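Take a look at the letters that make up each chain.
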Amino acid sequence: MIRPQLVSLQCPQCRARLQAPIFSIIDASQNPDLKQALLAGQLNSVQCTQCGSVSFLAAPLLYHDPEHAFLGVFLPEQQMRLSEPQRQKAIGDLTKALMDALPAEQRRGYMLAPQQFLTMEKLVEKILGFDGITPEMIAASRRKVELVSELARMKEDSFAFSITVKENEALLDQEFFMLLSNFILAAQQQGAADQAQMLVDLRERLIPLTEVGRRIQKQRDAVQRLGQSPSREMILQALLEGDLDEIDAIAVVARSVLDYQFFQEYSDRIAQAPAEQRPGLEEKRARILAILESLTAADQQVIQGAAQIIQELLGAEDMAAAVADALPLIDETVLNLLLANIEQAQKKGATAAARRLQILWQMITEAMDAATPAPMRLFYELLQTDYPEGTRALLRQRADEITPEFVQFLEDTLTAVAQKEEASPERDQALRHMRNVLTQIKLGV
């Protein structure tokens, strides 16, 4: 893994000082998550911890795809103004850093002459082309982005909204709804609660008006009929009776139940069914197995990436510096895998290995705490403190931090959790707790 470079900058909105990781080299085989961030337009962006605004940083980028023997480079405008020798030196430095990070047997001749791109859009088009996505498909995707904005502006004009939906029916497909969901998630992550709610309302309005939307609603209804804690028999019956759209949704939410015993029971039901029904039931079984295989493959890819991060951090000469560089890549999967490795080393009696893993865990948690904005740290402390006496005491102790900005942050966070997280007893309890705390703050008690 080629680590990012940490740079200091000032938020253009509120002038707060920030630190952001800048990725200048992406190897698609080693960092598929960075490839996805690049394609989604999210690479080298930073969200201000004070005002929540998102900034994008212009930086040179070297992209390597060994599967297609491709090496491409993009230089931002300020570097394109350099003299030709200076530009070639910048490209050469990036290429050398990539080749130094690769084993000797993986270095190839095409790496000595990377293809240059004048815009990031052209580089992204080239990358998408390797995945079978044509310029025509890219143009259609851009039109879908524009369509989201158009429909959002028409929320008060029902007639214009209906006409636009009818005229663009072919574009309101699965990709469009996935794009809309990504916009909702991005707005929630940025704390833009009003924008997120507007997009949620737009999605709900489109669901009964489009073929894909009606399929989404059918899947929702199928999952909802199962209830909160369905039995194995209920899940089996739902899969036997549902159509292919419904079983797609049921298989995902009931994944933990779909084990060897379940498929034995399913096969028994096929054997007991009338001969004319068996082909349809067998098709459903194949569909369920394909879904499980795709979910397992995705899980394995994520775990392999997490394992690679842990191994590189353990092998670093300066572990603390390596942790600081890799912090943007450390997520829940990395932390869970690290805890599992610690437990496994302890069970095996590998004291030295367990100790080094524990040191890494401590460094990561300390770095994450230091990187967590002060309002978020106070939020978590209040969440873990008993209500009402404990939270009242903490609020008095930290009175200087209870600013109007913190109250707004708390309200936006609760709204985002209510919209983003699926309902569960734990989520509902946390929301009740923090809403009570919010009331304490507003009443000054």
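Residues numbered from 1 in each chain as written. Predicted model: local features only at pLDDT ≥ 70, side-chain atom pairs only at ≥ 80, totals over all residues. Heavy atoms only, no water.

Participant: Help me understand the pairing of strand 2 (residues 17–22), please; the structure alone is not making it clear to me.
Facilitator: The two faces of a sheet get side chains in turn, since along a regular strand they alternate between them. In this structure, strand 1 (residues 5–10) lies alongside strand 2, joined through 6 bridges in antiparallel fashion. Paired with Gln5 across the bridge in strand 2 is Ile22. Taking the residues between adjacent antiparallel strands as the criterion, strand 1 and strand 2 are bridged by 6 residues, where Arg15 takes a positive phi near 70 degrees. (Pairing = 2+ DSSP bridges. Helix = DSSP H or I, 4+ residues; strand = E, 2+ residues; numbered from the N terminus.)

Participant: Looking at this model, I keep getting lost on unusual backbone geometry. Mind explaining?
Facilitator: Glycine aside, a negative phi is what most residues show, and trans is what most peptide bonds show. Put simply, Tyr387 and Pro388 share a cis peptide bond, and its omega is 5 degrees. Mapped onto the elements of the fold, Pro388 is located in the loop between helix 17 (374–383) and helix 18 (389–397). One non-glycine residue, Ala69, lies in positive phi territory at about 50 degrees. Relative to the helices and strands, Ala69 is located in the loop between strand 6 (61–65) and strand 7 (70–74).

Participant: I'm lost on the environment of Leu202 in this one. Help?
Facilitator: Locating Leu202 in the fold gives a position in helix 8 (residues 193–206). On the accessibility criterion, Leu202 (5% relative accessible area) is buried. Separated by 131 residues in the primary sequence, Leu202 and Leu71 have C-alpha atoms spaced 40 Å apart. (Buried < 20%, exposed > 50% of the residue type's maximum accessible area, 1.4 Å probe, protein only.)

Participant: What should I look at first to understand the layout of surface pockets in this one?
Facilitator: Over the atoms rolls a probe the size of a water molecule, and its path tells where empty space is left. Taken as a whole, the second largest pocket spans an internal volume of roughly 390 Å³. As for the second largest pocket, its lining consists of 17 residues, and the residues nearest its centre are Pro32, Asp33, Gln301, Val302 and Gly305. Residue assignment for the lining of the second largest pocket shows that the elements contributing at least two residues are helix 1 (32–39) and helix 13 (278–314). Considering every element that reaches the lining of the second largest pocket, the biggest residue donor is helix 13, with 8 residues. Looking at the lining of the second largest pocket residue by residue, the class counts come to 8 nonpolar, 7 polar and 2 charged. (1 Å grid on protein atoms, 1.4 Å probe; cavity = no way out; pocket = protein on both sides within 12 Å on 5 of 7 lines; lining within 4 Å. Points joined across faces, edges and corners; volume = space filled by probe spheres on them. Nonpolar A, V, L, I, M, F, W, Y, C, P; charged D, E, K, R; others polar.)

Participant: Please clarify how the packing of helix 13 against helix 16 (residues 351–371) should be interpreted in this entry.
Facilitator: Each packed pair of helices is defined by two parameters, the angle between the axes and the distance between the axes. Following both chains from N to C, one finds helix 13 and helix 16 inclined at 100 degrees, their axes separated by 11 Å at the closest point. Between helix 13 and helix 16, the crossing angle belongs to the class labelled roughly perpendicular. Across from Ile310, Leu313 and Leu314 in helix 13, the residues of helix 16 making contact are Arg356, Leu357, Leu360 and Ile364. Partitioned by chemical class, the residues of the contact of helix 13 with helix 16 number 6 nonpolar, no polar and 1 charged. (Axes fitted to C-alpha atoms, helices over the stretch in contact; angles between N-to-C directions. Parallel < 35°, antiparallel > 145°, perpendicular 65-115°, else oblique. Contact = heavy atoms within 4.5 Å.)

Participant: Can you help me understand the packing of aromatic side chains in this one?
Facilitator: Think of a pair of aromatic rings as described by two things: how far the centres are apart, and how the planes are tilted against each other in angle. For the structure on display, the rule yields 9 aromatic pairs. Ring geometry for Phe176 against Phe177: centres 5.9 Å apart, planes inclined by 80 degrees, an arrangement best described as edge-to-face. Residue classification places Phe176 among the buried residues on the basis of a relative accessible area of 0%. Ring geometry for Phe262 against Tyr266: centres 6.3 Å apart, planes inclined by 40 degrees, an arrangement best described as tilted. Of this pair, Phe262 and Tyr266 are both found in helix 12 (residues 260–272), 4 residues apart, which corresponds to roughly one turn of the helix. Pair check on accessibility: Phe262 and Tyr266 agree, each one buried. Through pairs of rings, three or more aromatic residues link up here, namely Tyr63, Phe70, Phe117 and Phe130. Above the ring of Phe161, the side-chain terminus of Arg205 is found at 3.9 Å from the ring centroid. (Phe/Tyr/Trp six-rings, centres within 6.5 Å; stacked < 30°, edge-to-face > 60°. Lys NZ or Arg CZ within 6 Å of the ring centre and 35° of its normal.)

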